[in-house]
Amino acid sequence: MSPSHLDLYHRMLLIRQFELRSINERKSGLIPGFIHACIGQEATAVGACAALRRDDVIASTHRGHGHLIAKGGEPKYMMAELAARSGGYCGGKGGSLHMTDFDLGILGANGIVAGGIPMAVGAALAFHMRHEPRLALAFFGDGAVNEGAFHEGANLAGLWKLPVIFFCENNLYGEGTPQHKQAPIADLSRRAEGYGFPGVIVDGNDVLAVYEATREAAERARAGGGPTFIEGKTYRHRGHYEGDPMVYRTREELEFWKQRDPITHLRYYLLDEGLATEADLDAIAGAIHQELDEAVAFAVASPAPAPETALAGVYGEVHDGRVF
Ligand SMILES: Cc1ncc(C[n+]2csc(CCOP(=O)(O)OP(=O)(O)O)c2C)c(N)n1
């Protein structure tokens, strides 16, 4: 079933506002550590996850807040995790880079560039061997395409026709290095041909186009047709991390992409097509504001992890040769 346009808008705005609030709470001292914001990239996360089923899985990245919210992650547990509080997704021990919720099919954010790709391919291999009609989607950036983990994962997935989608959020930079200084080709989706599966390019700031491309890829994967590489061309509005002086790009370039903001784009589309009124969109913004106030209150009220739990959850428990 197609997602409702208002749901897509709601999720994208929730991601944007969650991150803006997190950035403020980092300044207020509630949140320690790094924040890698995905502001500007909300359409790739939301469009892709809208084409998945609840029991499909995603592997995320260091820029993962959007992926989690798009797959159903709850802001209050995310905010508590960012604040290093015990009520967070990983008990406050992981922070922004290590949020996981297996019940929602979130295999985890990942501090290792391309680190989620082998995990998604492994999950897809498991689904394939168990004849389960599920699939895995790995999100990664343009920089990750130059890592060995991408090539090894893509090769096996192509060879064994695994139900996996390689979703590259090409925001044109790996930290401060522009894409043309890291790879000899402009369209990274061309890499897929070498591994025997299709590569498609999509406007990563158009949530409906992203949804449609991912829906097609998911259909092919579930029908046994194997992987697809989707390259969503997009842009991050903020630095690589909060505090990045951003000396590697011009104000004009940033302005060019802000004119193509995915949320503004969808907002005008909804209003122009008569799919929503200003009042509908204001009501969504109001509900999000309240949800985020509650998320911050939840984080503030949640205690720090108890010292005696420091080693809990570090290792899986092994029973009958299986790790739990
Ligand atoms: C294996 C590895 N190498 C280097 C780093 C340092 N690092 C963190 S993020 C990043 C850039 C990643 O760029 P990209 O994959 O394009 O993702 P984006 O930040 O653009 O979302 C680098 C080099 C790392 N975390 N892991």
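Everything quoted here is computed from the prediction, not taken from an experiment.

### Quick look at the site of the ligand
In the region of the ligand, 15 residues are neighbours, and His62, Arg63, Gly111, Gly143 and Tyr173 sit closest. Histidine 62 has a polar side-chain atom sitting 2.8 Å from an oxygen atom of the ligand. A distance of 3.2 Å separates an oxygen atom of the ligand from a polar backbone atom of aspartate 142. When the ligand sits alone it has 580 Å² of accessible area, and the protein chains cover 72% of it.

### Topic: the pairing of strand S3 (residues 164–170)
Of all the 7 residues making up S3, 7 are buried; the element is thus mostly covered by neighbouring parts of the structure. Of the two faces of S3, both are covered, the one formed by Val164, Phe166, Cys168 and Asn170 as well as the one formed by Ile165, Phe167 and Glu169. Sheet analysis places strand S2 (residues 136–141) next to S3, joined by 6 bridges and oriented parallel. Its bridge partner lying in S3, alanine 138 is registered against phenylalanine 166. With helix H6 (residues 148–159) bridging S2 and the parallel S3, this β-α-β connection has right-handed handedness. Relative to strand S7 (residues 228–233), S3 is paired through 6 bridges, and the arrangement is parallel. Within the sheet, the bridge partner assigned to glutamate 169 lies in S7 and is glycine 232.

### Remarks on the packing of aromatic side chains
For the structure on display, the rule yields 14 aromatic pairs. Look at phenylalanine 140 and phenylalanine 229: their rings are 5.8 Å apart centre to centre, the planes differ by 75°, and that puts the pair in the edge-to-face class. Separated by 89 residues along the polypeptide, phenylalanine 140 in strand S2 and phenylalanine 229 in strand S7 bring together distant segments of the chain. Using a relative accessible area of 2% as the deciding quantity, one classes phenylalanine 140 as buried. When its relative accessible area of 0% is taken as the criterion, phenylalanine 229 is described as buried. Ring centres of phenylalanine 166 and phenylalanine 197 lie 5.5 Å apart, and the angle between their planes is 15°; on these two criteria the pair is classed as stacked. With a gap of 31 residues between them, phenylalanine 166 in strand S3 and phenylalanine 197 in the loop between strand S5 (177–178) and strand S6 (199–203) connect regions that are remote in the sequence.

### Points about empty space enclosed by the protein
One pass over the full model with this rule turns up 1 cavity of 30 Å³ or more. Its volume calculated, the largest cavity comes out at about 40 Å³. As for the largest cavity, its lining consists of Ser60, Thr61, Asn110, Ile112, Ala114, Gly115, Gly116, Phe139 and Phe140. Class assignment of the residues belonging to the lining of the largest cavity gives a composition of 4 nonpolar, 5 polar and no charged.

Rules behind the numbers
- Residues numbered from 1 in each chain as written.
- Predicted model: local features only at pLDDT ≥ 70, side-chain atom pairs only at ≥ 80, totals over all residues.
- Heavy atoms only, no water.
- Near = heavy atom within 4 Å.
- Polar contact = N/O pair within 3.5 Å; in protein donor to acceptor, adjacent residues only side chain to side chain.
- Areas by Shrake-Rupley, 256 points an atom, 1.4 Å probe, with all protein chains shown as cover.
- Buried < 20%, exposed > 50% of the residue type's maximum accessible area, 1.4 Å probe, protein only.
- Helix = DSSP H or I, 4+ residues; strand = E, 2+ residues; numbered from the N terminus.
- Pairing = 2+ DSSP bridges.
- Right-handed = clockwise from strand over helix to strand, strands pointing away.
- Phe/Tyr/Trp six-rings, centres within 6.5 Å; stacked < 30°, edge-to-face > 60°.
- 1 Å grid on protein atoms, 1.4 Å probe; cavity = no way out; pocket = protein on both sides within 12 Å on 5 of 7 lines; lining within 4 Å.
- Points joined across faces, edges and corners; volume = space filled by probe spheres on them.
- Nonpolar A, V, L, I, M, F, W, Y, C, P; charged D, E, K, R; others polar.

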